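Chain and residue survey
Each chain is listed here by its residues.
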Amino acid sequence: MREAQFEFGRNGSTPADADGRLDAPAFHRNAEPIWQAMRDTLARTSGSVLEIGSGTGQHIVTYAARCPHLTFWPSDIMESHRASIEAYRLASGLTNVRPPVGIDLMNEWYWHDEIPLGAILCFNVIHIAPWAVAQNLMRGAGRHLKTGGHLLMYGPYKRAGAHTAPSNEAFDTSLRGRNPEWGVRDLESVADIAAQNDLALVKTVEMPANNLVLAFERR
Ligand SMILES: C[S@@+](CC[C@H](N)C(=O)[O-])C[C@H]1O[C@@H](n2cnc3c(N)ncnc32)[C@H](O)[C@@H]1O
């Protein structure tokens, strides 16, 4: 049966704490390498940073603590994820993280004109959702990022249509088995839809376990 949505805390993963906090095992492996890849960009960013598909909320509170000059806006489509994000936000005591909102990349999405976005973060989302999610991510990033602002993405990608490692190919097969519309995306196809929305791929950083951090700049 096709899985409609990915959800932390289900299918054998660690259940939520009493306050709703969920744990993503991958966060503990990925948080530091992702930070190293994007810290210089975030140091030069001003204003607000929107994260789409924040999941548990662990990434956003970690980076918000290291970037007091920025205001962070988490979001997710799943109610249980938003509850987890809010629990991490409250537990952190951080004043530069706002309560989570419900942005759904299956649709065109909107952002407040009066809250200029210096950056958008989107980690591990576009392969675990239909291709329309990548298209709407790029359309919205092109529309809502300030000129010179960045879309920072993390995840596995094919290059020139080929997998970069057997583990990524196996992951792709398992994703497609869960939902035929999911799958590891081709870097060039992602860069193409970005370019159609005035977003230029300015940085590609190789990460552990054959993942990439991509930085797109709004022209
Ligand atoms: C694999 S999790 C990654 C979570 C987090 N970014 C991380 O790296 O730990 C994918 C996330 O994308 C969210 N997601 C799935 N479909 C989405 C959609 N259509 N719009 C926005 N978020 C979506 C899921 O709810 C989930 O939180």
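The structure under discussion appears in the preceding block.
Here's what I pulled together on the structure shown here. (Residues numbered from 1 in each chain as written. Predicted model: local features only at pLDDT ≥ 70, side-chain atom pairs only at ≥ 80, totals over all residues.)

Within the protein chain, the regular secondary structure consists of 6 helices and 8 strands. Element order for the protein chain, N to C, with α for helix and β for strand: α-β-α-β-α-β-α-β-β-α-β-α-β-β. Computed over C-alpha atoms, the radius of gyration of the protein chain comes to 16 Å, within 12% of the 17 Å expected from 2.2 N^0.38 for 219 residues, which places it in the range of a compact globule. Taken over the C-alpha atoms alone, the protein chain extends approximately 45 × 45 × 30 Å along its principal axes. Per-residue burial for the protein chain yields a buried fraction of 42% across its 219 residues. Long-range contacts, defined as pairs at least 24 residues apart, comprise 72% of the intrachain contacts of the protein chain with a sequence gap of at least 6. (Helix = DSSP H or I, 4+ residues; strand = E, 2+ residues; numbered from the N terminus. Rg over C-alpha atoms; globule rule 2.2 N^0.38 Å. Buried ≥ 20, exposed ≤ 12 C-beta atoms within 10 Å, placed from the backbone. Contact = placed C-beta atoms within 7 Å.)

It is worth spelling out the site of the ligand at this point. The local shell around the ligand holds 23 residues, among which G53, G55, L105, F123 and N124 are the closest. In terms of residue class, the shell around the ligand is built from 14 nonpolar, 7 polar and 2 charged. (Near = placed C-beta within 6 Å. Nonpolar A, V, L, I, M, F, W, Y, C, P; charged D, E, K, R; others polar.)

Here we take up unusual backbone geometry. At A209, a residue that is not glycine, the phi angle is positive and equals roughly 60°. Unlike most non-glycine residues, N210 shows phi in positive territory, near 60°. Here N210 is to be found in the loop between β7 (199–207) and β8 (211–218).

Between helix α1 (residues 25–43) and helix α2 (residues 58–66), the shortest axis-to-axis distance is 11 Å and the interhelical angle comes to 40°. Between α1 and α2 lies a crossing whose hand is right-handed. Contact with α1, carried on its side by F27, A31 and W35, involves Q58, H59, T62 and Y63 of α2 and no other residues of that element. Class assignment of the residues belonging to the contact of α1 with α2 gives a composition of 4 nonpolar, 3 polar and no charged. (Axes fitted to C-alpha atoms, helices over the stretch in contact; angles between N-to-C directions. Left-handed = near helix turned anticlockwise from the far one by under 90°.)

For a regular strand, side-chain orientation follows a simple rule: the groups alternate between the two sheet faces. For strand β4 (residues 145–155), a buried count of 8 out of 11 residues is recorded, marking the element as mostly surrounded by other parts of the structure. For the segment spanning strand β3 (residues 117–123), helix α4 (residues 131–144) and β4, crossover handedness is right-handed. Bridging between β4 and β8 involves 6 bridges; their strand directions are antiparallel. Along β8, the bridge assignment pairs L151 with F216. (Right-handed = clockwise from strand over helix to strand, strands pointing away. Pairing = 2+ DSSP bridges.)

Next up on the list: the sheet that holds β4. Taken in spatial order, the 6 strands of this open sheet run β2-β1-β3-β4-β8-β7, and their pairing is mixed. Where the open sheet ends on each side, the last strands, each with one partner, are β2 (71–73) and β7. On average, each strand axis in the sheet is inclined to that of its neighbour by 20°, with strand direction left out of account. As paired strands, strand β1 (residues 48–51) and β2 are joined by 3 bridges and run parallel to one another.

Our focus in this paragraph is the nonpolar core. Core analysis: the largest hydrophobic core is formed by 49 residues, its most contacted members being I52, I120, C122, L137, L151, L152 and V213. Looking at this core element by element, the count peaks at 6 residues for β3. Aside from chain neighbours lying at most four places away, what touches V213 is I34, A37, M38, L152, Y154, V205 and M207. (Core = buried A, V, L, I, M, F, W, Y, C linked by C-beta atoms within 7 Å.)

Here we take up helix α3 (residues 79–92). In this model α3 runs 20 Å from its N-terminal to its C-terminal C-alpha over 14 residues, within 8% of the 20 Å that 1.5 Å per residue would give. The set of residues buried in α3 consists of H81, R82, S84, I85, Y88 and R89. Projected down its long axis, α3 shows its buried positions confined to an angular sector of 160°, all on one face. Backbone geometry just downstream of α3 places G93 in the positive-phi region, at approximately 70°. (Expected span 1.5 Å × (residues − 1). Arc of directions from axis to C-beta.)

Interaxial distance between α4 and helix α6 (residues 187–195) falls to 8 Å at its minimum, and their mutual angle equals 35°. Along this stretch, α4 crosses α6, giving a crossing that reads as right-handed. Along the contact surface, α4 presents A134, Q135 and M138, while α6 presents V190, I193 and A194. Its residues assigned to classes, the contact of α4 with α6 comprises 5 nonpolar, 1 polar and no charged.

Our next topic: the pairing of β1. Neither face of β1 is left uncovered, since the one carrying S48 and L50 and the one carrying V49 and E51 both have all their residues buried. Tracing the backbone out of β1, into α2 and back to the parallel element β2 gives a crossover that is right-handed. Across 4 bridges, the pairing between β1 and β3 is parallel. For L50, the partnering residue across the bridge sits in β3 and is I120.

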